[in-house]
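Below are the chains, spelled out letter by letter.
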Amino acid sequence: MALHYCKKCGRVVEKHKHSINDKCDYCNSDVYPVPEKYWLNGKDFLITKEQEKLLREELVKTAPEFDPYLFEHRDADLSERSSKIFAVLNHGEELLAEERRKVTCSYCGSANVRKIGFVSRTVSAELWGLGSKKIGKQWHCNSCGSDF
């Protein structure tokens, strides 16, 4: 991994040294390796906040590609983008959890089931006594007709 920076928006990102895509993930401009002068302890994947600020002052804001609007709005836009991604992921997790909670027929696997109501079980028990098929059952399958 090595740090790269974008001359247009000032984003500093980690990239694999052999990465094919040398584009900024925010503004899609070219990114360049952070010069050794800004590395922390000679490591090309570590930089302090002060060094990052200095890099932006010396290399980003002086570059002809520099876009002040993107520079000022970068962090807020990325935060909003992350929030939207997390919202979609959370919604997907909720859908999966709901899908897991769905009751399926233990005989045919169909999800076309309905809950057997208290009144239905009571009437069946009154009519058939201990021979009622609905004693101890909670669900009725509308596909195969079984109670479970």
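Residues numbered from 1 in each chain as written. Predicted model: local features only at pLDDT ≥ 70, side-chain atom pairs only at ≥ 80, totals over all residues. Heavy atoms only, no water.

Colleague: Is there a simple way to explain a nonpolar patch on the surface in this structure?
Modeller: Residues Met 1, Leu 40, Phe 45 and Leu 46 make up a contiguous nonpolar surface patch of roughly 300 Å² in combined accessible area. One can find Phe 45 in the loop between strand 3 (31-33) and helix 1 (49-60). (Patch = residues over 30% accessible without salt bridge, like charges linked within 9 Å, V, L, I, M, F, W, Y side chains within 5 Å. Areas by Shrake-Rupley, 256 points an atom, 1.4 Å probe, with all protein chains shown as cover. Salt bridge = Lys/Arg side-chain N within 4 Å of Asp/Glu carboxyl O. Helix = DSSP H or I, 4+ residues; strand = E, 2+ residues; numbered from the N terminus.)

Colleague: Help me out: how do you make sense of the environment of Ser 110 in this one?
Modeller: Along the chain, Ser 110 falls in the loop between helix 2 (68-101) and strand 4 (113-115). Expressed as a C-alpha distance, the spacing of Ser 110 and Asn 142, which sit 32 residues apart in the sequence, is 8.4 Å. At 2.9 Å, the side chain of Ser 110 forms a polar contact with the backbone nitrogen of Asn 112. Among the polar contacts made by the side chain of Ser 110, one reaches the side chain of Ser 143 at a distance of 2.9 Å. (Polar contact = N/O pair within 3.5 Å; in protein donor to acceptor, adjacent residues only side chain to side chain.)

Colleague: Just checking my understanding: could you explain the pairing of strand 1 (residues 2-6) for this structure?
Modeller: Strand 1 sits mainly inside the fold: 5 of its 5 residues count as buried. Both faces of strand 1 are covered, namely the face carrying Ala 2, His 4 and Cys 6 and the face carrying Leu 3 and Tyr 5. Summarising the sheet, strand 1 and strand 2 (residues 12-15) pair through 4 bridges and their orientation is antiparallel. Bridge pairing in strand 2 links Leu 3 to Glu 14. Hairpin geometry of strand 1 and strand 2 is characterised by an intervening segment of 5 residues between the two adjacent antiparallel strands and by a positive phi of about 85° at Gly 10. Taken together, the 3 bridges between strand 1 and strand 3 define a ladder with antiparallel strand orientation. (Buried < 20%, exposed > 50% of the residue type's maximum accessible area, 1.4 Å probe, protein only. Pairing = 2+ DSSP bridges.)

Colleague: I'm lost on unusual backbone geometry in this one. Help?
Modeller: Negative phi values dominate among residues other than glycine, just as trans dominates among peptide bonds. The backbone phi angle of Asn 28 is positive, close to 65°, even though this residue is not glycine. Position of Asn 28 relative to the elements: it lies in the loop between strand 2 and strand 3. Note on Asn 28: relative accessible area 54%, which makes it exposed.

Colleague: Sorry, what's going on with the pattern of salt bridges here?
Modeller: Opposite charge on two side chains allows them to pair when their charged atoms are near. Evaluation of the coordinates by the stated rule reveals 7 salt bridges. Residue Glu 57 is joined to Lys 61 by a salt bridge in which the shortest nitrogen-to-oxygen separation is 2.9 Å. Relative accessible area serves as the criterion here: at 35%, Lys 61 is assigned to the partly exposed category. Across the salt bridge formed by Lys 84 and Glu 80, the nearest N and O atoms sit 3.3 Å from each other. With a gap of 4 residues between them, Lys 84 and Glu 80 both fall in helix 2, about one helical turn apart.

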